Amino acid sequence: EDSVPAAVDLAATRILAVIYRYNLAETTKCAPPNCKEYFLKHVGSPEHAQLARRAAAESIVLLKNDNKALPLCTKSVKHIAIIGAAADAPSYDPDGQGQGQGDWAQGDYYSGGGSGHLAGKVVTPFDGLGTKARALGIKVSSSLTDDVDSAVKAAGNVDVAIVVVATTSGEARDRKDLNLDGDVDALIEAVRKVAKQIVVLVEAPGPVVMPWRKEVDGVAIMFLGGQETGNAWADVIFGEAPSGRLPIMLPETEADTISPDNADDVPYSEGIATSYRNPSFKAAFPFGHGLTYTTFQHKEPVEVSCYVDSKDCRYHIRSSVTNAGKVAAPAVVQLYLEFPPQAGQTAPIMKAFKKTDALQPGSSEEFHFALSAHDLSYWDLAQDGWVEATGTFVAHLGESSADIKHRLTFCNGPCTPEGGTNVALRVAIIGLGAVAIPLGAIAVVLKILGSHAPAPCSSGAETQRLELERLMHDA
């Protein structure tokens, strides 16, 4: 009983911290019970529908695109088949007749179940894809069940078979497994055998297993896209370059995940060794993965001096990315940081990413990553707090956790990375001579610059030149 007030205080503190952090006292639209007008406000405007459509389309992750199966082009695609019960699944209404009569935790293929679930009119994949295809002059056949015989019949004489598969989740209950609903693995296998090309569209609330992934031409996933699901699929399938990237690792098998447990007390002892941070797990598609309808070239990154007005910069990276293909699309450059051994990290950890605007073919965009002291810190259980790591770091830059294009090694604190220099002595080659800057002079400048100083140890020539200029100016 003595612990109850402390527990209540802790719970209240967490709630108040969020209110303070997001300034909810000033930005909240209304406070109950004065919210009737706001709650009953009509939000189904065309502008809101367009926003929902764009958000869903940009969230689609293209996982596989062999033989340039996507986007569908009218020059080569004259007839498609849309297959699967998920392609025409209704929105679930907890109060609807024949849909559970009040099972509040049940979800559907457009949103998860629970207190935040909204029922209403949705654009199904069949509606969105079919409407777009017919508008382009493409003939549409369908089999809107998971019946194998019907699907095989529909897929046998078309240019592309699109199979829509899905699963969902509900509040306060775990999914029993990572399989898709229905016997769709067998459905996909049967369609694959007769179709000229097969593309699988997945709608899911999280990780799923795809044992058929190597046998199909294309795979894309949408994480429960809401009311405009069908239109969003149509936008991407028929030409809008996908820009989504996986926020999770999709496992090869269920063994490549942390298994849930229904016991009252569950000892989760894996620490941070989850998802892509567990080197023992095999990925069907790695964390951060996502294809688009073009390719990108990544320039060799360089270390540059931290901005003078930056408050907490330890290391600053500059590079650029170029659209090397023929389709305009945004690039998503990702930075994973490999820590020194003292941090006990199991793998390089994502610390930042940059999503560019849509790059036209041949165009480039420069980007910067400024790593702070917190970025170089890890949680120390013994000290019960964040500790800034010292030693050799490796910055991995690429297009996913498994697709690294470049690496940069740098130091935080006293060390010398291969090809780098130690903070105790910076040497710059000027003309035909060399100027050695003693430790004392550097200490003075670092004291003046304070938190604006670049990383204590780096190999970037531009940083060394800028630091030398500062030192000479002060001298």
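Residues numbered from 1 in each chain as written. Predicted model: local features only at pLDDT ≥ 70, side-chain atom pairs only at ≥ 80, totals over all residues. Heavy atoms only, no water.

Visitor: What am I meant to see in the state of the cysteines here?
Guide: Disulfide: a covalent bond formed between the sulfur atoms of two cysteine residues. Overall, the coordinates contain three disulfides when judged by the stated rule. Note that Cys-30 is cross-linked by a disulfide to Cys-35, the S-S spacing being 2.1 Å. Across the S-S bond of Cys-30 and Cys-35 the torsion is about 120 degrees, and the bridge reads as right-handed. With respect to burial, Cys-30 and Cys-35 carry one shared label: buried. Shown here is the disulfide that connects Cys-411 with Cys-415, its sulfur atoms set 1.9 Å apart. Residues Cys-411 and Cys-415 are joined by a disulfide whose S-S torsion is about -130 degrees; by sign, that bridge is left-handed. Across the pair, exposure class does not vary: Cys-411 and Cys-415 are buried alike. Sequence-ordered numbering of the disulfide-bonded cysteines in the protein gives the connectivity 1-2, 3-4, 5-6. (Disulfide = S-S within 2.5 Å. Buried < 20%, exposed > 50% of the residue type's maximum accessible area, 1.4 Å probe, protein only.)

Visitor: Please clarify how helix α8 (residues 229–237) should be interpreted in this entry.
Guide: Owing to its 3.6 residues per turn, the α-helix aligns residues three or four sequence positions apart on the same side. The buried fraction of α8 amounts to nine of the nine residues, a majority that puts the element mostly inside the structure. For α8, the set of buried residues is Thr-229, Gly-230, Asn-231, Ala-232, Trp-233, Ala-234, Asp-235, Val-236 and Ile-237. Among the residues trailing α8, Gly-239 stands out with phi positive, at a value near 140 degrees. (Helix = DSSP H or I, 4+ residues; strand = E, 2+ residues; numbered from the N terminus.)

Visitor: So what exactly am I meant to see when it comes to the sheet that holds strand β4 (residues 160–166) here?
Guide: The pairing of strands in a sheet comes from backbone hydrogen bonds and takes either a parallel or an antiparallel form. If you walk across this open sheet you meet the six strands as β1-β6-β5-β4-β2-β3, and the pairing is mixed. Edge positions in the sheet fall to β1 (61–65) and β3 (139–143), since each of these pairs with one other strand and no more. Across this sheet, the average inter-strand angle for adjacent strands is 20 degrees, counted without regard to direction. In the sheet, strand β2 (residues 79–83) pairs with β4 via four bridges, with the strands oriented parallel. Bridge pairing in β4 places Ile-82 opposite Ile-162. (Pairing = 2+ DSSP bridges. Axes fitted to C-alpha atoms, helices over the stretch in contact; angles between N-to-C directions.)

Visitor: When you look at the confidence of the model for the protein in this model, what are you seeing that I'm missing?
Guide: Interpretation of the predicted coordinates at a detailed level should be avoided for regions scoring low in pLDDT. Here the protein averages 86 in pLDDT, and 85% of its residues register 70 or above. Scored below 50 in pLDDT, residues 419–475 shows 101 contacts in the model against residues more than four places distant or in partner chains. (pLDDT = per-residue confidence, 0-100. Contact = heavy atoms within 4.5 Å.)

Visitor: Help me understand helix α4 (residues 46–59) in this model?
Guide: Taking 1.5 Å of rise per residue, 14 residues should cover 20 Å, and α4 covers 20 Å from first to last C-alpha, within 8% of that figure. Among the residues making up α4, those that are buried are Ala-49, Ala-56 and Ala-57. Projection of α4 onto a plane perpendicular to its axis shows the buried side chains occupying an angular sector of 100 degrees, all on one side. Taken together, the buried residues of α4 touch β6 (218–222) and α8. (Expected span 1.5 Å × (residues − 1). Arc of directions from axis to C-beta.)

Visitor: What is the right way to look at the side chain of Asp-108 in this model?
Guide: By the element assignment, Asp-108 lies in the loop between β2 and α5 (125–135). In this structure, Asp-108 is buried with no salt-bridge partner, the nearest side chain bearing the opposite charge being Arg-173 at 13 Å. A polar side-chain atom of Asp-108 sits 3.5 Å from a polar atom in the side chain of Ser-91. When neighbours within four sequence positions are excluded, Asp-108 is seen to be in contact with Pro-90, Ser-91, Tyr-92, His-117, Thr-168 and Leu-224. (Lys, Arg positive; Asp, Glu negative; His and termini not counted. Salt bridge = Lys/Arg side-chain N within 4 Å of Asp/Glu carboxyl O. Polar contact = N/O pair within 3.5 Å; in protein donor to acceptor, adjacent residues only side chain to side chain.)

Visitor: Sorry, what's going on with the sheet that holds strand β12 (residues 332–338) here?
Guide: As summarised here, the arrangement of the four strands in space is β13-β12-β17-β18, forming an open sheet in which the pairing is antiparallel. Of all strands in the sheet, those with a lone pairing partner are β13 (349–355) and β18 (404–412), marking the two edges. Taking the axes of each pair of neighbouring strands and ignoring which way they run, one obtains an average angle of 20 degrees across the sheet. Direction of pairing for strand β17 (residues 391–398) relative to β18: antiparallel, over a ladder of eight bridges. Each bridged residue has a counterpart across the sheet, and for Gly-391 the counterpart in β18 is Asn-412.

Visitor: How do you make sense of the packing of α4 against α8 when you look at a structure like this?
Guide: Geometry of a packed helix pair, given as the angle between the helix axes and the separation of the axes. Here α4 crosses α8 at 55 degrees, and the two axes come no closer than 8 Å. On the basis of their axis angle, the class for α4 and α8 is oblique. In the packing of α4 onto α8, the handedness of the crossing is right-handed. Across from Arg-53, Ala-56 and Ala-57 in α4, the residues of α8 making contact are Asn-231, Ala-232, Asp-235 and Val-236. (Parallel < 35°, antiparallel > 145°, perpendicular 65-115°, else oblique. Left-handed = near helix turned anticlockwise from the far one by under 90°.)

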